[in-house]
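Breakdown of the fold
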Amino acid sequence: MSAERREHREHDELQGEGWSRLLAAARRRLERTSGALDGDIGLAGPSEAERRTVIGITGRYRPEDAQRLGISLRELDGYLHDRYGTGLLATLGRLHGPLRDRPAERADEEARREQALKSAHSSRLAGQGWFAAWLEQIAADGTLTRLVRRGDAPLLDAAVRVLERLPGDRDRFPGDQDRPPAHPAGVLPLPVLAEWATGDTKALVPGSPLEQLVLRALAQRTGGDIPRVRAGRRALWESAGAIADDLASQVLVLNIGAECDTVVCDWLRDAADFGIPFRLTLHQLATDPVVPAARTIFVCENPAVLRAAAGELQDTSAALVCTEGVPSAACHKLLGDAVRAGARLHWRADFDWTGLRITADAVARHGARPWRMTAADYTAALSKGESTPLAGPPAASPWDPELARAMAESGSTVMEERLLPALLSDLTRT
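Report follows, based on the coordinates. Note that the coordinates shown come from a computational prediction; the quantities given were computed from them, not determined experimentally.

Parameters at a glance
- Residues numbered from 1 in each chain as written.
- Predicted model: local features only at pLDDT ≥ 70, side-chain atom pairs only at ≥ 80, totals over all residues.
- Heavy atoms only, no water.
- Helix = DSSP H or I, 4+ residues; strand = E, 2+ residues; numbered from the N terminus.
- Rg over C-alpha atoms; globule rule 2.2 N^0.38 Å.
- Buried < 20%, exposed > 50% of the residue type's maximum accessible area, 1.4 Å probe, protein only.
- Expected span 1.5 Å × (residues − 1).
- Phe/Tyr/Trp six-rings, centres within 6.5 Å; stacked < 30°, edge-to-face > 60°.
- Lys NZ or Arg CZ within 6 Å of the ring centre and 35° of its normal.
- Core = buried A, V, L, I, M, F, W, Y, C linked by side-chain atoms within 4.5 Å.
- Contact = heavy atoms within 4.5 Å.

Turning next to the overall build of the chain. The helix and strand inventory of the chain stands at 21 helices and 10 strands. At 33 Å, the chain has a C-alpha radius of gyration far larger than the 22 Å of a compact globule built from 430 residues. Each principal axis of the C-alpha distribution contributes one length, and for the chain these read about 105 × 50 × 35 Å. Counting over 430 residues, the chain shows a buried share of 48%.

Turning our eyes to something else, we now look at helix α7 (residues 129–140). Structurally, the α-helix is built with 3.6 residues per turn, so residues lying three or four positions apart point the same way. Relative to the 16 Å expected for 12 residues at 1.5 Å per residue, α7 spans 16 Å between its end C-alpha atoms, a close match to the ideal helical length. Of all the positions in α7, only Trp 130, Phe 131, Trp 134, Leu 135, Ile 138 and Ala 139 are classed as buried.

Our next topic: the packing of aromatic side chains. Counting across every chain of the model gives six aromatic pairs. Ring centres of Phe 351 and Tyr 378 lie 5.4 Å apart, and the angle between their planes is 65°; on these two criteria the pair is classed as edge-to-face. Of this pair, Phe 351 sits in the loop between β9 (344–347) and α18 (353–366) while Tyr 378 is found in helix α19 (residues 375–382), placing the two residues 27 residues apart along the sequence. Of the two residues examined, Phe 351 and Tyr 378, each falls in the buried class. Ring pairing ties together the aromatic residues Trp 130, Phe 131 and Trp 134, which thus form one cluster. The ring of Trp 196 is capped by Arg 165, whose NZ or CZ atom sits 5.4 Å from the centre of that ring. The aromatic ring of Phe 351 is capped on one face by Arg 348, whose charged end is 5.2 Å from the ring centroid.

Bringing the nonpolar core into the picture now. Of all hydrophobic cores here, the largest spans 41 residues; its most connected members are Trp 134, Leu 163 and Trp 237. Contributing elements (two or more residues each) for this core: α6 (102–121), α7, α8 (143–150), α9 (154–165), α11 (190–198), α12 (209–222) and α13 (230–239). One finds Cys 265, Ile 297, Ala 329 and Leu 345 within the second-largest nonpolar core, a separate group that totals 33 residues.

Our next topic: the environment of Leu 254. Turning to its location among the elements, Leu 254 is positioned in strand β5 (residues 250–254). When sequence neighbours within four positions are dropped, the list of residues in contact with Leu 254 reads Gly 275, Ile 276, Pro 277, Leu 306, Ala 309, Ala 310, Ser 317, Ala 318, Ala 319 and Leu 320.

Here is the structure:
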């Protein structure tokens, strides 16, 4: 019989009902064992055609009511050699393509995972708790494995480079001689950051895999989750000193006045004269610098506080700035300039873990004084209403360590609106 006819007969017979499940089981077993012809395979609930095939291979009778048929791989290999001139491995390769070596694939995958993590852990950020937690998280939840399997492991290195080049981290780790010029407000535009870290200005566009990785790290650093809405993601970038749009970065103010002779300062003075809330963009603050006239500035987190001050106190309210959650780049620019001009900041946020992080950062960055952010304030407010449970990783309160302990013990948040009467009283007295 010619080789062509033998191969044709082999193809027809081995594609039949009696063989398909048997060869599929053999392939699975061989791929799990790197092609070792040791051990047996079995068929549960065999058909009549499968029973006859196994009898033909082994030469041993199998009853019609057998619920499982077993056969050794060596028997199967020998039969295929004798009948078709090729063993089991070659036959499977010819019929359905080369066998995979799954143990070797797993070992290679694990080696690439470990190499990616080793490279990331060599970063100068490795000593930061949030950075280590981020790496642990993406290693544990399958993110890193998926990157490796897709051939995208280099994205982890790229994410680390982006994090290392964020303005705040560059300040802690000086020495980058090739840093690009910053925005006039001292922040870094995202396309500039992307090009500097990766060579691709579009690497950090919204929704890109690299953006997702970096935002997970930034969320870990702030103790929250990645925001679902674009405005929240912009704020998360801004919290790290990077901006997508200096017009979208804004800060809400009331009665801060101004000591400068520009169009924006004229607007601020007019707004303060009538006690009208006003929004400033980062673009305005960068191109038309503002020197706030107020020497005492209160800072709150929620717009409801500023709205109440504008409604009840109007132009008699003390100067008030609202961060609207995590402070924007515009907020930090305004308050940083105010402090350099001699202003004193009194800062507060919600009694939750994010609020503690915001306040601690304000103390460290601007020398702010916590405003009604003590354990006594928290305990008094806690007793005045229902509260939602605390969520996310705990934070410290260095200005009053007892506050963080009290919050951990109660497990409850207190939004600053509950303190509104006391806050308005402070704003009135000033």
